[in-house]
Amino acid sequence: MPTLCSPLAGRVVAHCTAPDDSVSAGDPLLIVESMKMEIPVEAEAGGTVVRYLVEVGAEVAEGQPLVELR
């Protein structure tokens, strides 16, 4: 299953979709806050959200897996 990884270190502040939601390339999946900026993490391709691998409020590292897509 394709996995979307964090482009930077920060804290997850929101999930923009739910498991089983269909998404298109460019749709925001979650928001990561880094250095007081909120950065949307977008789907690279269309698919379905399988599950989030991190909860809202979690600290994440650059390259850390965030979302599984199908």
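What counts as what
- Residues numbered from 1 in each chain as written.
- Predicted model: local features only at pLDDT ≥ 70, side-chain atom pairs only at ≥ 80, totals over all residues.
- Heavy atoms only, no water.
- Core = buried A, V, L, I, M, F, W, Y, C linked by side-chain atoms within 4.5 Å.
- Buried < 20%, exposed > 50% of the residue type's maximum accessible area, 1.4 Å probe, protein only.
- Helix = DSSP H or I, 4+ residues; strand = E, 2+ residues; numbered from the N terminus.
- Contact = heavy atoms within 4.5 Å.
- Salt bridge = Lys/Arg side-chain N within 4 Å of Asp/Glu carboxyl O.

Attention now moves to the nonpolar core. Counting residues in hydrophobic clusters, the biggest one holds 15 residues, and the most contacted among them are Leu29, Leu30, Val49, Leu66 and Val67. Within the residue set of this core, elements represented by two or more residues are β4 (28-34), β6 (47-52) and β8 (65-69). With residues near it in sequence (within four places) discarded, Val67 still touches Pro2, Thr3, Leu4, Leu29, Leu30, Val49, Arg51, Tyr52 and Leu53.

A separate point is the pattern of salt bridges. Counted under the stated rule, the structure contains three salt bridges. Linking Arg11 and Glu33 is a salt bridge whose minimum nitrogen-to-oxygen distance equals 3.0 Å. Of the two residues, Arg11 is situated in strand β2 (residues 10-15) and Glu33 in strand β4; the sequence distance between them amounts to 22 residues. Judged by its relative accessible area of 29%, Arg11 falls in the partly exposed class. Glu33 gets classed as partly exposed once you look at its relative accessible area, which sits at 26%. A salt bridge links Arg51 to Glu68; the shortest N-O distance between them is 3.2 Å. Taken together, the residues Arg51 in strand β6 and Glu68 in strand β8 connect sequence positions 17 residues apart. The exposure class assigned to Arg51 is partly exposed, which follows from its relative accessible area of 43%.

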